[in-house]
Amino acid sequence: MSETTNKNITKSFVDWFRSAAPYIHAHRGSTFIISIGGEAVQAPHFSNLIHDIALLNSLGIRIVLIYGIRPQIEHCLKTRGVQSRYVNGTRITDEIALCCVKAACGEVHTEIESLLSMGLSNSPSSYERIGTASGNFITARPVGVREGVDYCYTGEIRRVDATAIRRRLDEGNIVLIPPIGYSPTGESFNLRTEELASAVAIALGAAKWLYLIENEGIFDSTGQLVRQLTLLEALENEHYKRQISKSVLQACQNGVQRVQLVSRQTEGALLLELFTRDGIGTLISTNPFDHTAKATINDVGGVLALIQPLEEAGILVRRSREKLEMEIEHFTVQERDGMIIACAALYPFVQEKMAELACLAVHSDYRGADRGGALLAFLEREALQLGITQIFVLTTRTAHWFQERGFVGADLDSLPVKRRTLYNYQRNSKVFVKDLSVSLKIKFRH
Ligand code: ARG
């Protein structure tokens, strides 16, 4: 291997580790529900998925794993020569089906437990033991007779014993929960995995429900994968709502901070979703994933890190930390999951009804989605509220960007006197002005 390739590998490893570390830290001690369908269990690389779950446990994440058994039940019924019966998508669990449910649970449970018993491979201590736990955590009742149809041993969740589950998690175990609930009369009921995962996530107040699904997530009307949605967006848009199940919405509405739909077919799906900022699936949460807000003193470090490369390239004027600390209230930042990915500052000259737009920067990983444009629009609204009618920029390299957004070239004389005296002739920036009253009028005419 050449020395440059070596250096590149080192750099990408170091960059990758630095970007994953905040998530390793953030996830430690959190409770995650992971739900998988019975199809995942039959897939060729199922052991990789289970080993990734073991890895999460070793990083201090409290995991409850909930599995489905639909194909295993189907298979069992078939070998007995019995047809599955469904009404409105719900299985009718008669005596024979219940036998199959129990057999399928036994099979899948054992498979998962045995894979987890392999511990963490390639670890320095060669064999890192992982504990699993299960129990009678779920109390169920029969769905009963509906519209004349008796659902027999198909059940609904009545209660989740969160205290008992927490105790097992406190001991460091991965808790495995089969889709079976028990009634106080000593009967067993077949439950829907999705409803179970939602109920357990709510009962535990889980930080996340990682829902491993057959496709990649939620798609918009043009067929693009939607990376994140707020609960409100999900509820207001019929197209999205149709793709999201009631159980998922319920979890979001009842305190589960994030539901993340991830393809079970992608190798390393959980790791990619959990330890990268952008994930790979669809994240649904009550709080927006991206948000724009006025900067505070706590944002100084993040803004500095963002603008430093642009200062080094001479695109932005250098600012010391002290100067930034003093001016931070002029800044607006766009955050993604706590990281500042764009910023801009607005300095008003109230008397002249003008404001300077400065220090507009977008992180290199997030260019292309016109975040700069969105930030500009945000600041224009703010400026109008302050009674400002014109904003100006001084730029050496990005004139086009501003011209495309309604700025026109202007003389130094058009700047407020106070700003003119500070003009750096050596830098020789060009002045561009945007008349906000004009853009307002155009907006109203439409
Ligand atoms: N890794 C972060 C998390 O686990 C962010 C994931 C973002 N995912 C997404 N589909 N937008 O919370």
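Let us look at the structure shown here. Please read these numbers as outputs of a predicted model, since none were measured by experiment. (Residues numbered from 1 in each chain as written. Predicted model: local features only at pLDDT ≥ 70, side-chain atom pairs only at ≥ 80, totals over all residues. Heavy atoms only, no water.)

**Observations concerning the sheet that holds strand β13 (residues 208-213)**
The pairing of strands in a sheet comes from backbone hydrogen bonds and takes either a parallel or an antiparallel form. Operational definition: A pair of strands is labelled paired if DSSP reports no fewer than 2 bridges between them. Here a strand is any run of E in DSSP of at least two residues, a helix any run of H or I of at least four, and the numbering for each starts at the N terminus. When checking whether two residues touch, look at their non-hydrogen atoms; a contact exists if any pair is within 4.5 Å. Only the stretch in contact is used when fitting a helix axis, every axis being a line fitted to C-alpha atoms; angles between N-to-C directions are given from 0 to 180 degrees.
Pairing in this open sheet of 8 strands is mixed, and the strands run β5-β10-β2-β1-β13-β17-β18-β16 from one edge to the other. If you trace the sheet from one side to the other, it starts and ends with β5 (132-133) and β16 (228-230), each paired once. As judged from the 3 bridges shared by β16 and strand β18 (residues 282-285), these two strands associate in the parallel manner. Considered in β18, the bridge of Thr230 is made with Ser285. Across the face of the sheet, helix α3 (residues 46-58) comes into contact with β1 (31-36), β2 (62-67), β10 (174-177) and β13 while running at roughly 155 degrees to β2.

**Quick word on the site of the ligand**
Using the following cut-off: By convention in this text, a residue qualifies as near a molecule or strand provided that one of its non-hydrogen atoms is within 4 Å of it. Polar contacts, as counted here, are pairs of nitrogen or oxygen atoms within 3.5 Å of one another; within protein the pair requires one atom able to donate a hydrogen and one able to accept it, and residues that are adjacent in sequence qualify only if both atoms are side-chain atoms. For accessible areas, the Shrake-Rupley method is used with a probe of radius 1.4 Å. Any residue's cover is judged against the shown protein chains and nothing else. For this classification, the nonpolar set comprises Ala, Val, Leu, Ile, Met, Phe, Trp, Tyr, Cys and Pro, the charged set comprises Asp, Glu, Lys and Arg, and every other residue, Gly included, is treated as polar.
With respect to spatial proximity, 17 residues lie near the ligand, and among them Lys208, Gln228, Arg258, Glu273 and Thr276 are the closest. In the environment of the ligand, a nitrogen atom lies 2.8 Å from a nitrogen or oxygen atom belonging to the side chain of Gln228. The protein chains hide 100% of the 350 Å² of surface that the ligand would expose on its own. Mapped onto the shell around the ligand, the elements with two or more residues apiece are α1 (3-27), β17 (258-263) and α11 (269-275). Its residues assigned to classes, the shell around the ligand comprises 4 nonpolar, 6 polar and 7 charged.

**Observations concerning the environment of Arg85**
Put simply, the rule is: When accessible area is computed with a 1.4 Å probe and restricted to protein chains, residues below 20% of their type maximum are described as buried, those above 50% as exposed, and intermediate ones as partly exposed.
Locating Arg85 in the fold gives a position in the loop between α4 (70-79) and β3 (86-87). Residue classification places Arg85 among the partly exposed positions, given a relative accessible area of 45%. With 66 residues separating them in the primary sequence, Arg85 and Tyr151 have C-alpha atoms 9.7 Å apart. Every residue in contact with Arg85, bar those within four places of it in the chain, is listed here: Thr90, Arg91, Ile92 and Asp94.

**Overview of the pairing of strand β20 (residues 331-336)**
The buried fraction of β20 is high, at 6 of 6 residues. Sheet analysis places strand β19 (residues 290-294) next to β20, joined by 5 bridges and oriented antiparallel. Bridging across to β20, Lys294 finds its partner in Thr332. Both β20 and strand β21 (residues 339-349) contribute to a ladder of 6 bridges, which runs antiparallel.

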